[in-house]
Amino acid sequence: MVELFDVIIVGGGPAGLAAGLYAARMDLRSVLVDRGPLGGQLHNTELIEDYPGIETILGPELALKMGDHARKFGLDAREYEPVTSVEVDGEERVVKLDSGGELRAPAVIMAAGGLPKKLEVPGEVELAGRGVSYCAVCDGAFFKNEVLAVVGGGDAALEEGDFLTRYASRVHIIHRRDQFRAQPILQDRARANKKIDFILDAHVKQIEGNGKVKAIKYDVRGEEFELPVGGVFIFIGFNPNSDILKVHVEHDAEGYLITGPDMKTSVEGIWAVGDVRAQLTKQIATAVGDGTTAAVSASAFVSSVRDRERARARASA
């Protein structure tokens with residue numbers, strides 16, 4: 001079945017929901033599709049403390065509020081609707097769904113986010129779901145009184161490492177550099193937590209186990225170590241979900257889509273927002289700004305397309 005819209009939003013995280021909210025408020029026929037529940041990575045975040053105007057809020061709670069707000073203004077938001085491809089057919093952008101459906105519109109806003117990067121070391125794939133995890137909020141409760149390793153040095157690694165101490169007896173944060181990239185407030189909080197140790201200048205070589213994680217091997221300046229652990233949580237960044245685009249769009253070396261200040265990509269009628277876009281920060285506040293900007297820009301574009309269609313219809317009458 002083919003459905004026609006003014007704007008199609010691919011991805012239901014904060015960027016996509018902000019785009020959907022504004023598009024719906026501007027009376028555009030708007031649809032949002034996401035492979036999972038609305039909110040995206042918000043569901044993998046326990047506590048949010050840096051969203052302006054809200055001192056603290058749980059990630060899933062903010063996801064629910066954002067989704068309800070967008071739907072209140074008429075956004076057609078569809079959860080658990082995976083996208084297989086985004087294509088261009090003349091003046092129409094075509095979004096094909098895993099369910100077999102097809103959505104068409106002059107404008108597509110890519111808000112597809114990304115998936116966790118893997119260490120790509122022996123044992124990681126074999127022990128995924130058996131002690132190797134990429135989501136502390138999802139899996140932390142399964143590791144009560146265990147010794148855990150967290151791999152990474154950014155905001156997510158320190159924030160989720162701190163969260164895991166609710167369950168673990170000890171958390172070792174392993175980072176390949178000698179300094180963390182995380183915000184100072186998160187570093188201070190982790191250092192103040194007596195259950196957390198830091199292993200710096202360390203390169204993970206292998207995750208060991210037989211049906212379940214038993215240890216992690218790493219080296220520090222050439223010296224090898226083995227650390228017995230019950231679980232390994234990996235937070236080393238994301239790979240953008242830009243490969244569903246079946247038309248060439250300018251991107252950086254890691255696949256993040258390059259945009260102008262209006263969130264337009266190099267392909268007319270396609271915008272990119274949030275974690276799928278090349279940018280300095282990946283925060284909820286910046287994602288919401290991206291989505292708002294893209295929706296306003298897309299609205300102007302859709303109006304120009306409709307004006308051209310009406311002009312052609314008058315000329316052929």
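Keep in mind the model is a prediction, meaning the values are calculated, not measured.

(A) Main features of the pattern of salt bridges. On inspection of all chains with the given rule, the structure shows 24 salt bridges. Residue Asp-290 pairs with Arg-277 through a salt bridge whose shortest N-O separation is 3.1 Å. Taken as a pair, Asp-290 in helix H6 (residues 284-316) and Arg-277 in the loop between strand S21 (270-272) and H6 lie far apart in primary sequence, 13 residues in all. Here the two residues Asp-290 and Arg-277 agree in accessibility, since each one is buried. Among the salt bridges present, the one from Arg-306 reaches Glu-309, with a minimum N-O distance of 3.2 Å. Separated by three residues within a single helix, Arg-306 and Glu-309 lie in helix H6, roughly one turn from each other. Exposure remark for Glu-309: the relative accessible area of 33% places this residue in the partly exposed category.

(B) Quick peek at the packing of aromatic side chains. What the rule picks out here adds up to five aromatic pairs. Ring centres of Phe-180 and Phe-198 lie 5.4 Å apart, and the angle between their planes is 65 degrees; this geometry places the pair in the edge-to-face category. Remark: Phe-198 occurs in strand S15 (residues 196-199) and Phe-180 occurs in the loop between strand S14 (170-174) and helix H5 (184-192); sequence separation between them is 18 residues. In this structure, Lys-118 packs its charged tip against the face of Tyr-134, placed 5.2 Å from the ring centre.

(C) Here's a closer look at the pairing of strand S2 (residues 7-10). Side chains Val-7 and Ile-9 project from S2 onto one buried face, and the interleaved Ile-8 and Val-10 project onto a second face that is buried too. Taken together, the four bridges between S2 and strand S3 (residues 30-33) define a ladder with parallel strand orientation. Residue pairing across strands places Val-10 opposite Val-33, the latter belonging to S3. Handedness of the crossover joining S2 and S3 through helix H1 (residues 14-25): right-handed. Where S2 lies against strand S10 (residues 107-110), four bridges are found, and the strand directions are parallel. Of the residues in S10, the one forming a bridge with Ile-8 is Val-108.

Conventions we followed
- All chains use their own residue numbering, which begins from 1 and follows the written sequence.
- Where totals are concerned, whole chains, interfaces and linings use all residues; where local detail is concerned, this predicted model gives features only for residues with pLDDT of at least 70, and gives and counts side-chain atom pairs only at 80 or more.
- Note that water and hydrogens are dropped before the side-chain values are worked out from all heavy atoms of the structure.
- We count a salt bridge whenever a side-chain nitrogen from Lys or Arg sits within 4 Å of a carboxyl oxygen from Asp or Glu.
- Working definition: helices are DSSP H or I runs of at least four residues, strands are E runs of at least two. Numbering for both runs from the N terminus.
- Type-normalised accessible area, obtained with a 1.4 Å probe on protein chains alone, sets the label of each residue: buried when under 20%, exposed when over 50%, and partly exposed for intermediate values.
- Each Phe, Tyr or Trp ring (for Trp, its six-membered ring) is paired with any other whose centre lies within 6.5 Å, and the angle between the two planes then decides the class: stacked below 30 degrees, edge-to-face above 60, tilted in between.
- Whether a charge lies above a ring is judged from NZ of Lys or CZ of Arg, which has to be within 6 Å of the ring centre and within 35 degrees of the ring normal.
- Any two strands between which DSSP finds at least two bridges are classified as paired.
- With the strands aimed away from the viewer, a crossover counts as right-handed if its path from the first strand over the helix to the second runs clockwise.

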